[in-house]
Amino acid sequence: MAETDRQLTQKLEAAITGLLERRAEAASICPSDVAREVYEGDDEGWRELMEPVRQAAWQLVAAGQVEVTQGGRPVAEAEAHGPIRIRRARR
């Protein structure tokens, strides 16, 4: 049975929050960390998950759970170009 987009998104969101929980409070993660965590193969197929990881991160941003950063500063989705990091939302 093929994984639906929603199932993949939920798996990616869980991986994002799980990786952050295992890191220091102020630590951030790279989307590639998440893609590698979720991908089940031994090849470079995790790269195909990079855009879905970014989209899952933006959904978590909308839910107030994480921040997406560039240069250590939070950025809005429309401003983000190039490499990003994901960290817990600052409260």
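What this report covers is the structure whose coordinates are included nearby. Predicted model only: the values in this text are computed from it and were never measured.

## Here we look at the nonpolar core
And step 1. Formed by 23 residues in total, the largest nonpolar core has its most connected members in L12, I16, I29, V34 and I86.
And step 2. Taken together, the elements giving at least two residues each to this core come down to α1 (5–21), α2 (31–38), α3 (50–62) and β2 (66–70).

## Focus: the layout of surface pockets
And step 1. As a volume, the largest pocket reaches approximately 150 Å³.
And step 2. T17, L20, E21, E25, Q65, V66, R88, A89 and R91 together form the lining of the largest pocket.
And step 3. In terms of residues, the lining of the largest pocket owes the most to one element, α1, which gives three residues.
And step 4. Split by residue class, the lining of the largest pocket holds three nonpolar, two polar and four charged.

## Some thoughts on α1
And step 1. Over its 17 residues, α1 extends 24 Å from the first C-alpha to the last, a length consistent with the 24 Å expected when each residue adds 1.5 Å.
And step 2. Where α1 is buried, its residues touch β1 (28–29), α2, α3, β2 and β4 (85–88).

## Comments concerning the sheet that holds β4
And step 1. Spatially, β1-β4-β2-β3 is the arrangement adopted by the four strands of the open sheet, whose pairing is antiparallel. In this open sheet, the two strands that pair with only one neighbour each are β1 and β3 (73–74).
And step 2. One ladder, built from two bridges, connects β1 with β4; its direction is antiparallel. Along β4, the bridge assignment pairs I29 with I86.
And step 3. Across the sheet, α1 is in contact with β1, β2 and β4; its angle to β4 comes to roughly 65°.
And step 4. Across the face of the sheet, α3 comes into contact with β2 and β4 while running at roughly 120° to β2.

Cut-offs applied
- Residues numbered from 1 in each chain as written.
- Predicted model: local features only at pLDDT ≥ 70, side-chain atom pairs only at ≥ 80, totals over all residues.
- Heavy atoms only, no water.
- Core = buried A, V, L, I, M, F, W, Y, C linked by side-chain atoms within 4.5 Å.
- Buried < 20%, exposed > 50% of the residue type's maximum accessible area, 1.4 Å probe, protein only.
- Helix = DSSP H or I, 4+ residues; strand = E, 2+ residues; numbered from the N terminus.
- 1 Å grid on protein atoms, 1.4 Å probe; cavity = no way out; pocket = protein on both sides within 12 Å on 5 of 7 lines; lining within 4 Å.
- Points joined across faces, edges and corners; volume = space filled by probe spheres on them.
- Nonpolar A, V, L, I, M, F, W, Y, C, P; charged D, E, K, R; others polar.
- Expected span 1.5 Å × (residues − 1).
- Contact = heavy atoms within 4.5 Å.
- Pairing = 2+ DSSP bridges.
- Axes fitted to C-alpha atoms, helices over the stretch in contact; angles between N-to-C directions.

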